[in-house]
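What follows is each chain in one-letter form.
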Amino acid sequence: MNVQEARLRNAVADKTSEQFAPDRSSVVQRTAAVAAAAAEEAEDVDRDARFPQKAIDTAREQRLLGIQIPQQFGGDRASIFDITDMCYTLGRACSSTAMIFAMHQTKVACLIRHGAGSDYHEALMRRVASEQLLLASSTTEGQNGGNIRFSAAAVERTDAEISLVRNATVISYGAQADGIVTIARRANDAAGSDQVLLAITKNDYTLERSLGWETLGMRGTCSAGFELKFKGSTKQIFPEAYGKIHAQTMTPVAHLCWSSAWAGIAAAAVERAQLFIRKAARGAGGQMPPGAAHFTAAKMTLAKLRAMITANLDTYAAHEHDERALSSLDFQSSINLLKVEASELAVATVMSAMRACGLSGYRNDGDFSVGRHLRDVLSAPIMINNDRILTNIATASLMSGVPASLRD
Ligand SMILES: Cc1cc2nc3c(=O)[nH]c(=O)nc-3n(C[C@H](O)[C@H](O)[C@H](O)COP(=O)(O)OP(=O)(O)OC[C@H]3O[C@@H](n4cnc5c(N)ncnc54)[C@H](O)[C@@H]3O)c2cc1C
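Residues numbered from 1 in each chain as written. Predicted model: local features only at pLDDT ≥ 70, side-chain atom pairs only at ≥ 80, totals over all residues. Heavy atoms only, no water.

## Side note on the overall build of the chain
In terms of helices and strands, the chain carries 14 helices and seven strands. Relative to the 2.2 N^0.38 estimate, which gives 22 Å for 408 residues, the radius of gyration of the chain is 21 Å and therefore close to what a compact globule would have. Projected onto its principal axes, the C-alpha positions of the chain cover 80 × 50 × 40 Å. The burial tally for the chain puts 54% of its 408 residues in the buried class. Per element, the accessible surface of the chain, about 18,300 Å² overall, is 53% carbon and sulfur. Within the chain, the 43 negative side-chain charges are centred at a point lying 4 Å from the centre of the 43 positive side-chain charges. (Helix = DSSP H or I, 4+ residues; strand = E, 2+ residues; numbered from the N terminus. Rg over C-alpha atoms; globule rule 2.2 N^0.38 Å. Buried < 20%, exposed > 50% of the residue type's maximum accessible area, 1.4 Å probe, protein only. Areas by Shrake-Rupley, 256 points an atom, 1.4 Å probe, with all protein chains shown as cover. Lys, Arg positive; Asp, Glu negative; His and termini not counted. Charge placed at Lys NZ, Arg CZ, Asp CG, Glu CD.)

Pasting the structure below:
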């Protein structure tokens, strides 16, 4: 099925389910209000490695935390296009806010796409929309690094009760979140790759801090380590196996939202470089400064980055309801390569912006400083390490064919 046919199929599926989606201009305004709050505190958030409380409070006031939830559960049913645009806009204002928003929306997407039909998960969707709950993510565990498809901690079962104790090396905004979506081994006797996904809320778990978050960048994500102890009901386990959720939703939505947030950071650096070059040219009677070529390079890599994200967005949106297409080697390779390439392009863009600005970009205290952007964006290639992703998809890349035309 090509992209056009898939779009038509989605349109029919959409018409039969729900008619309304949020008004675009209202979404733009609501996002702008959050971006303004985020920009105002971005420097403090970075300096003090503190949670961007004002930005997230504003996101709650603007009801953006539940904007993706279908209307029948109290949300606005925002599309992946809306969500990624929000990540980009927030990325231009404050990287940490954008990344927190991106991670939260990825968890919400799992809830929507894989929780429908389960009373517990539907009730949680209603709560996210009405109470504007903030959901965090727990995938990294022990010494396992970014190997998400392997879990050590297992769900323990006693009748309908379950429990989980997890050495969570990193949970961004774990202390501030109202709930966590976590992976775990299905049972004590299950293989590490036989995983389930659980949605748990604050009253079901405790977090004991095991590691701090004194990092180069993305300091406001407050991604500390915790021992997570949970007790709850089997109903909190998603009905579908994690392997399927991972391929169909977790990876595509995470990679699209993260890439959009990184593109936002890159765009903010390009904007500063543009202001610098304009000022320098004005000061030299119209003569372009020598760093101008780096500004052009920054614009060029930003254009590539945006094109790559939008191409993957179109493909994902076109096949959103087509499990087979989402599981295909081509789609999986492409959505994984998006993460790798977007993270490299974002770093390259900010680096070029820095070189365009020279010392004015390097210093931390001027209008053209891009130091914060560079430190933040350097998290991109290591957030699920690009080397790991490239190794993992090597076989799949070999098996998928070379395209026969430019568009297929
Ligand atoms: C800003 C930020 C926020 C985060 N938030 C969260 C969160 O909320 N929840 C969460 O669970 N996790 C979070 N993480 C962690 C993230 O999901 C990854 O688990 C983590 O970045 C991987 O860390 P690592 O590089 O130490 O581990 P690894 O992935 O193990 O990598 C370690 C080293 O080994 C190399 N390597 C690993 N595998 C291979 C391979 N197959 N081939 C070649 N080289 C390889 C890598 O290149 C790297 O140099 C966050 C990370 C960042 C940066």
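## Digging into the sheet that holds strand β2 (residues 156-158)
Here four strands make up an open sheet; going across it, the order is β2-β3-β7-β6 and the pairing antiparallel. The two strands at the open ends of the sheet, each matched to only one other strand, are β2 and β6 (205-211). Taking each pair of neighbouring strands and ignoring which way they run, the sheet shows an average axis angle of 15°. Of the strand pairs in this sheet, β2 and strand β3 (residues 161-171) are connected by three bridges, and their pairing is antiparallel. Residue pairing for β3: Arg 157 is matched across the bridge by Ile 162. (Pairing = 2+ DSSP bridges. Axes fitted to C-alpha atoms, helices over the stretch in contact; angles between N-to-C directions.)

## With respect to the sheet that holds strand β5 (residues 195-201)
Read from one edge to the other, the open sheet built from three strands follows the order β1-β4-β5, with strand pairing classed as mixed. Where the open sheet ends on each side, the last strands, each with one partner, are β1 (135-138) and β5. Averaged over all pairs of adjacent strands, the angle between strand axes in this sheet comes to 25°, irrespective of strand direction. Summarising the sheet, β1 and strand β4 (residues 179-185) pair through four bridges and their orientation is parallel. Looking at β4, one finds that Leu 135 is bridged to Gly 179. Strands in contact with helix α5 (residues 95-115) are β1, β4 and β5; relative to β1, the strand with the most contacts, it is inclined by about 90°. (Contact = heavy atoms within 4.5 Å.)

## Some details on the packing of helix α7 (residues 242-283) against helix α10 (residues 329-357)
Contact geometry of α7 with α10 gives a least axis separation of 9 Å together with a crossing angle of 15°. By the angle between their directions, the pair α7 and α10 is classed as roughly parallel. The handedness of the crossing between α7 and α10 comes out as left-handed. (Parallel < 35°, antiparallel > 145°, perpendicular 65-115°, else oblique. Left-handed = near helix turned anticlockwise from the far one by under 90°.)

## Some thoughts on the nonpolar core
Grouped together as the largest cluster of nonpolar side chains are 118 residues, with contacts concentrated most on Met 99, Leu 197, Leu 198, Trp 258, Trp 262 and Leu 305. The element best represented in this core is α7, accounting for 19 residues. Leaving out residues up to four positions away in the same chain, Trp 262 has contacts with Met 99, Lys 339, Ala 342, Ser 343, Ala 346, Ala 380 and Met 383. (Core = buried A, V, L, I, M, F, W, Y, C linked by side-chain atoms within 4.5 Å.)

## With respect to the state of the cysteines
With the rule as written, the count across this model stands at zero disulfides. Free of any disulfide, Cys 87 has its nearest neighbouring cysteine sulfur in Cys 257, separated by 4.2 Å. Of the residues examined, Cys 87 reaches a relative accessible area of 0% and is grouped as buried. No disulfide involves Cys 110; its sulfur sits 10 Å from that of Cys 257, the nearest cysteine. (Disulfide = S-S within 2.5 Å.)

## Overview of the site of the ligand
Surrounding the ligand, one finds 19 residues, the nearest of these being Thr 139, Thr 140, Ser 172, Ile 382 and Arg 388. At a separation of 2.7 Å, an oxygen atom of the ligand approaches a polar backbone atom of Ile 382. In this structure, an oxygen atom belonging to the ligand sits 2.7 Å away from a side-chain N or O atom of Arg 388. Contact with the protein chains hides 71% of the accessible area of the ligand, taken as 960 Å² for the molecule alone. Residues that form the shell around the ligand fall into these classes: seven nonpolar, 10 polar and two charged. (Near = heavy atom within 4 Å. Polar contact = N/O pair within 3.5 Å; in protein donor to acceptor, adjacent residues only side chain to side chain. Nonpolar A, V, L, I, M, F, W, Y, C, P; charged D, E, K, R; others polar.)

## Some words on the pattern of salt bridges
Following the criterion strictly, the structure yields 19 salt bridges and no others. Here Asp 82 makes a salt bridge to Arg 24, at a shortest N to O gap of 2.5 Å. Of this pair, Asp 82 sits in helix α4 (residues 80-93) while Arg 24 sits in helix α2 (residues 24-48), and the two are 58 residues apart along the sequence. The buried category is assigned to Asp 82, whose relative accessible area is 6%. One salt bridge in this structure joins Arg 166 and Glu 141, with 3.6 Å as the shortest N-O distance. Of this pair, Arg 166 sits in strand β3 while Glu 141 sits in the loop between β1 and β2, and the two are 25 residues apart along the sequence. For the pair formed by Arg 166 and Glu 141, the shared burial category is buried. (Salt bridge = Lys/Arg side-chain N within 4 Å of Asp/Glu carboxyl O.)

## A word on the packing of α5 against helix α6 (residues 119-131)
Where α5 contacts α6, the two axes come as close as 9 Å, and the packing angle between them is 140°. Looking at the two axes, α5 sits oblique to α6. The interaxial crossing formed by α5 with α6 has left-handed handedness. For the pair α5 and α6, contact is made by His 104, Val 108, Leu 111, Ile 112 and Gly 115 and by His 121, Glu 122, Leu 124, Met 125 and Val 128, respectively. Split by residue class, the contact of α5 with α6 holds six nonpolar, three polar and one charged.

## Considerations on the side chain of Ser 96
Looking at where Ser 96 falls in the secondary structure, it is placed in helix α5. Taking relative accessible area as the criterion, Ser 96 reaches 4% and is therefore assigned buried. Among the polar contacts listed, one links the side chain of Ser 96 to the backbone nitrogen of Gly 220, at a separation of 3.0 Å. For Ser 96, the side chain forms a polar contact with the main-chain nitrogen of Thr 221, separated by 3.5 Å. Dropping the residues within four chain positions of it, Ser 96 is found in contact with Val 45, Met 218, Arg 219, Gly 220 and Thr 221.

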